[in-house]
Amino acid sequence: MTDTFSNPIESPVTAPTVSPIRKLVRQFSRSKLALAGLAVLVAICLAAIFAPLLSPQDPYDLMQLDIMDGQQAPGSTSLGHGFTFLLGTDDQGRDMFSAILYGLRISLGVGLTSAIAAALIGATLGMIAAHAGGRTEAVIMRIVDLQLSFPAILVALMILAFLGKGILNVVLALVLVEWATFARAARGSALVESQKEYIEAAVCMGLPLRRILLRHLLPNCLPPLIVIATIQVARAISLEATLSFLGVGVPITEPSLGLLISNGYQYMLAGYYWMSLFPGIALLITIVAINLVGDQLRDVLNPRNRS
Amino acid sequence: MTGQRMEAPLQTNEEGRDMAAPLLSIRNLTTSFRNDGQWSPVVRDVSFDIRARETLAVVGESGSGKSVTAMSVLRLLPPASSRIEGRITFDGKDLTALSDEAMRAIRGNDIAMIFQEASLNPVYKIGFQLAEVLVEHRAMSQTEAQAESVRLLDRVRIPSAKNRLDAYPHNLSGGMRQRVAIAMALACQPKLLIADEPTTALDVTIQAQIIELIKTLQQEDGMSVLFITHDMGVVAEVSDRTVVMYRGELVEADTTAEIFSRASHPYTRALLASIPHLGSMRDRDAPLSFPLVDHQTGAVSEPKETVARPNQQAEPLLAVRGLKVRFNIRSGILGGVSGRVHAVEDVSFDVKPGETLSLVGESGCGKSTTARAIMGLAKYEDGGITFNGKPLAGLTGQEQLARKRDVQMVFQDPFASLNPRMTVGQALSEPLAFHTSLSRAGIRARVYELLEGVGLHPDMASRYPHQFSGGQLQRIAIARALALEPKLLIADEAVSALDVSVKAQIVNLMIELQERLGLSYLFISHDMAVVERVSHRVAVMYLGEIVEIGPRQAVFGNPAHPYTRELMSAVPVPDPQRRATETRVPARELRSPIRAPDFQAPKRMMLEVGPGHFAQADSDGIVTQLTSLAETAAQTRQPRLAAE
């Protein structure tokens, strides 16, 4: 413990200061699988961001489509434009590779926006419930219970049936479906953390409530929320794909991965497997990568593993 | 560390009984753990013996490797990440070479272990758990096991043993649970009992009972005991021989009497010097720092006498009058109040400027709740708290902020009381940024000043709490509490979780700060010996009430209330010569402060038994006892009844 029994001035330890973030990174990289997941995820995100530079055609620009290129198998060459359709084309002559890259943008965008918005709303309400207690808490948590007792897909379908198609409406539906999970988790960890002595110490210090909640309580409640958020991004993407597949999701003019699968599905039996299969694989890889990262984050951020 | 010093005391032929072959013999034990692919030894080259019918104490501070040594003997460490080298011979068998199967037979049958927290399964009745062991290890039938369980519970002096078989672990108090754990350990009549800090989590009076019990049982059964503890007082109380460990190495091994009278290693001497001796302050009226001993050289620095004396005539800084804190217990579907915990009941006391008032008592006596009520962390039902002449109840928002600056608190667990996501510098500058108008540079200068004031290097400001040791963190917590220059510091068990040598340092720091800054302390502790060291006045609490309050010298030298005496007699004396021979504390369950909702607390009388020294006079016949004391006091002074 202390060498400095006789000397009250403790000498600084020579070991370099390790910030919690650096420790986290080190612990995260212990799992090769999670690292691979992270690498794939980063690649997917970059591909989505730089889709216009990577894809040979803009799949939304009808002028660039040629009906003569329709239903071409992977590897065939475009008649009019001269480039190769790596993953084939759909019935409109749209390059599947380009469509998937652009579809990823929609899928990831919808997933991220809805998960972040749900996290913000849910965490705020959860923290308010934990802090206020009494009637406020009871009302918020009963709404959460009610929300969680319905299957997510059913709630989303109802909302979209009511609001109609559209990216914004899908995001709204997903937020409404997901916020309750965050609220419950946030309340749980806020209740645990607010019992800790450092919160009492902050109260004793006479710090304002706002500061105690935002600076002390919130950062210590974040780890479980971050984990849930990653998992919920994956969940939102798959839910959006499901909704689009069912025809109530994004509009046909801006196809997400789910809508691409849906569009190609009718040609499956005709032997044009690539129209559905490749968007499906892209969706699968994305979700698996996000879940791998989320799982490892959960292990790393678990307070029991923090030594 | 020379091998010679380790071996020599083990071969001494004292009293002739050491001729017998040792029951357990450990030779050159090195236990290493794998961390990030690297093996680092936690126990290095440790050798000692335990003979039949002998109690050996392994003493050391946290991280000294004493528990790991015991775990190595039982091979309880995870084989994947730990490695045991050396030889461990038990009863002629080499434990390191045994198969896992054979080792399982030894565990429980020949060597039993008890832990700090009684290791009982919370979902089974204790009768079931005892019977399970008996059926499994001694091949008894259910009915035989039932009868044997009752006998075992009787042996560990559990009152009405038969009825307790149907109790769940949570129905019993901590002391009773530890007794059940001991009964389970004894079920197979082991030759060796390993007790790993069995009394650390218990109150002093309960600790005394458990130690007594282990000693009696050992004599009855003739088993050997390996007693692991950090408490030199407990060592003096129980052990025949003592092994002192420091940072994974055995530094000294000898008979307990030799260790206490003629310790040769500087670390042992340092350890002994930092133990508070109850009664060592008899002739002093002011607090006294602990003497400090250098771990390497053994040089002793004599404690400084404190010179400042609080003015007892001054207006009290903090005045608590008739404080009552109660918690409702709700049950039933409608959540009706089914009972009340009378956590604090009619408590009154003053703290003068520059004075240390200690609140002592066992767990659940309401001492922490009193502090929390003063800090505004717990709501109080009745009574008044006046700080600096102003009642707390009617303060405006601004005044309340000012009050919060003036009263600060230091908590028991330094790891929990600092936000793990803020650097120490951020934690220290936070109150300054909010309460003062200092500039950024001014705050930084003040943070450095605070760190230096508690004996830490300013460079440490950029580090996170997990990078510090417990003692350093408690210094930081004190620095944070001092940031706003408070007048009163409430220390709620602030040194209880620390190792003895660190405890001595923190106590010395607090005494020094009091002298330098003229602070008042409300020092809350269950540790009578530390309280004797630091306080000017002492209040003893029991079941939410103050049963005795007065100048420290009077309360410790002339305790009037029977509970105070019980508390003091239960403190283990760190002197093997003065080992108590008979049972000092009767086995009893702690009484509970839970009352019916309509319970009216009886009005208590405080009787002045000496100058400024009051003791509670309740209906149990203590009045007469106290009155005689009061009459003795009356020879010098007119006694008066003070009904507070």
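### Things to note about the overall build of chain B
Then step 1. Along its length, chain B carries 21 helices and 26 strands.
Then step 2. In chain B, which comprises 644 residues, the proportion classed as buried is 56%.
Then step 3. Contacts spanning at least 24 positions in sequence make up 70% of the contacts within chain B whose residues lie at least 6 apart.

### Topic: the packing of aromatic side chains
Then step 1. One pass over the structure, following the stated rule, counts eight aromatic pairs over all chains.
Then step 2. Judged by centre distance (5.5 Å) and plane angle (70°), the ring pair of Phe245 of chain A and Tyr265 of chain A falls under edge-to-face. Pair noted here: Phe245 of chain A is in helix 9 (residues 209-246) and Tyr265 of chain A is in helix 10 (residues 257-265), with a separation of 20 residues, a long-range link.
Then step 3. On the basis of relative accessible area, Tyr265 of chain A is assigned to the exposed category, the value being 52%.
Then step 4. Through a chain of ring-to-ring contacts, three or more aromatic side chains come together here, namely Tyr267, Tyr272, Tyr273, Trp274 and Phe278 of chain A.
Then step 5. Above the ring of Phe468 of chain B, the side-chain terminus of Arg463 of chain B is found at 5.1 Å from the ring centroid.
Then step 6. Sitting above the plane of the Phe290 of chain B ring, Arg533 of chain B keeps its charged end 4.6 Å from the centroid.

### Overview of helix 5 (residues 142-155) of chain B
Residues and elements named next belong to chain B.
Then step 1. Compared with the 20 Å implied by 1.5 Å per residue over 14 residues, the 20 Å span of helix 5 between its first and last C-alpha is a close match.
Then step 2. Taken together, the buried positions of helix 5 are Ala145, Glu148, Ser149, Val150, Leu152, Leu153 and Arg155.
Then step 3. Where helix 5 is buried, its residues contact helix 4 (126-138), helix 6 (161-164), helix 7 (174-186) and helix 8 (204-221).
Then step 4. Phi turns positive one or two residues past the end of helix 5, at Arg157, with a value near 60°.

### A few points about the sheet that holds strand 17 (residues 390-391) of chain B
Residue and element names in this part refer to chain B.
Then step 1. Strand order in the open sheet formed by five strands is 17-16-13-14-23, with antiparallel pairing between adjacent strands. Whereas interior strands pair on both sides, the edge strands pair on one side only; in this sheet they are strand 17 and strand 23 (594-595).
Then step 2. Pairing of strand 13 (residues 318-331) with strand 16 (residues 382-387), which is carried by five bridges, proceeds in the antiparallel orientation. Bridge assignment links Lys324 to a residue of strand 16, and that residue is Asp382.

### Brief notes about the pairing of strand 4 (residues 82-90) of chain B
A regular strand carries its side chains on alternate faces of the sheet.
Residue and element names in this part refer to chain B.
Then step 1. Judged from the eight bridges that link them, strand 1 (residues 24-35) and strand 4 form a sheet pairing that is antiparallel. In the sheet register, Ser32 faces strand 4, and the bridge partner there is Arg83.
Then step 2. Between strand 4 and the antiparallel strand that follows it, strand 5 (residues 93-94), lie two residues; Asp91 among them carries a positive phi value of about 55°.

### Concerning the interface of chain B and chain A
Then step 1. In this assembly, 55 residues from chain B lie in contact with 35 residues from chain A.
Then step 2. Here chain B and chain A share an interface that buries about 3,800 Å² over both sides, 55% of which is from carbon and sulfur atoms.
Then step 3. The largest share of the area that chain B buries against chain A comes from Phe411, Arg421 and Glu430 of chain B, three residues that together contribute 15% of it.
Then step 4. Put simply, chain B and chain A have two salt bridges between them.
Then step 5. One salt bridge connects Arg372 of chain B with Glu200 of chain A, and the closest N-O pair in it is separated by 2.7 Å.
Then step 6. Scanning the region where chain B abuts chain A turns up 10 residue pairs in polar contact (both at pLDDT 80 or more).
Then step 7. Those elements giving two or more residues to the side of chain B that touches chain A turn out to be strand 11 (292-293), helix 12 (367-375), helix 13 (397-406), strand 18 (407-410), helix 14 (424-435), helix 16 (470-482) and helix 17 (500-517) of chain B.
Then step 8. Looking at the side of chain B that touches chain A, its residues break down into 21 nonpolar, 20 polar and 14 charged.

### Some details on the nonpolar core
Residue and element names in this part refer to chain B.
Then step 1. With 61 residues, the main nonpolar core has Leu451, Ile476, Ile478, Phe523 and Val540 as its most contacted residues.
Then step 2. Per element, the largest residue contribution to this core is eight residues, and it comes from helix 17.
Then step 3. Contact partners of Ile476, with chain neighbours within four places excluded, come to Leu418, Val424, Leu428, Leu451, Leu456 and Phe468.
Then step 4. Core analysis: the second largest hydrophobic core is formed by 44 residues, Leu130, Val150, Ile158 and Val225 among them.

### Some thoughts on helix 15 (residues 440-453) of chain B
Residue and element names in this part refer to chain B.
Then step 1. Taking 1.5 Å as the rise per residue, helix 15 with 14 residues should run 20 Å; its terminal C-alpha atoms sit 20 Å apart, in good agreement.
Then step 2. Next to the buried residues of helix 15 lie helix 14 and helix 16.
Then step 3. Two residues or fewer after helix 15 comes Gly455, characterised by a positive phi angle close to 80°.

### So, the pairing of strand 18 of chain B
Residue and element names in this part refer to chain B.
Then step 1. Side chains of strand 18 alternate between two faces, with Val407 and Met409 and Gln408 and Val410 buried alike.
Then step 2. For strand 18 and strand 19 (residues 488-492), the ladder comprises four bridges, and the chain directions are parallel. If you follow Val410 over to strand 19, its bridge partner there is Ala491.

### Topic: unusual backbone geometry
All names here are of chain B.
Then step 1. The residue Arg53 is not glycine, and still its phi comes out positive at about 60°.
Then step 2. If you trace the backbone, Arg53 turns up in the loop between strand 2 (38-50) and strand 3 (55-59).
Then step 3. The phi torsion at Glu485 lies on the positive side, around 50°, for a residue other than glycine.
Then step 4. Among the secondary structure elements, Glu485 is positioned in the loop between helix 16 and strand 19.

### Details of the packing of helix 6 (residues 152-163) of chain A against helix 9 of chain A
Residues and elements named next belong to chain A.
Then step 1. As a packed pair, helix 6 and helix 9 sit with axes 11 Å apart at the nearest point and diverge in direction by 55°. In terms of their interaxial angle, helix 6 and helix 9 are classed as oblique. Where helix 6 crosses over helix 9, the two elements pack in a sense that is right-handed. Between helix 6 and helix 9, the contacting residues are Ala152, Ile153, Ala156, Leu157 and Leu160 on the first element and Arg235, Leu239, Thr242, Leu243 and Leu246 on the second.
Then step 2. Class assignment of the residues belonging to the contact of helix 6 with helix 9 gives a composition of eight nonpolar, one polar and one charged.

Cut-off values and rules
- Residues numbered from 1 in each chain as written.
- Chains lettered and ligands numbered in written order.
- Predicted model: local features only at pLDDT ≥ 70, side-chain atom pairs only at ≥ 80, totals over all residues.
- Heavy atoms only, no water.
- Helix = DSSP H or I, 4+ residues; strand = E, 2+ residues; numbered from the N terminus.
- Buried < 20%, exposed > 50% of the residue type's maximum accessible area, 1.4 Å probe, protein only.
- Contact = heavy atoms within 4.5 Å.
- Phe/Tyr/Trp six-rings, centres within 6.5 Å; stacked < 30°, edge-to-face > 60°.
- Lys NZ or Arg CZ within 6 Å of the ring centre and 35° of its normal.
- Expected span 1.5 Å × (residues − 1).
- Pairing = 2+ DSSP bridges.
- Buried area = accessible area lost by both parts, 1.4 Å probe.
- Salt bridge = Lys/Arg side-chain N within 4 Å of Asp/Glu carboxyl O.
- Polar contact = N/O pair within 3.5 Å; in protein donor to acceptor, adjacent residues only side chain to side chain.
- Nonpolar A, V, L, I, M, F, W, Y, C, P; charged D, E, K, R; others polar.
- Core = buried A, V, L, I, M, F, W, Y, C linked by side-chain atoms within 4.5 Å.
- Axes fitted to C-alpha atoms, helices over the stretch in contact; angles between N-to-C directions.
- Parallel < 35°, antiparallel > 145°, perpendicular 65-115°, else oblique.
- Left-handed = near helix turned anticlockwise from the far one by under 90°.

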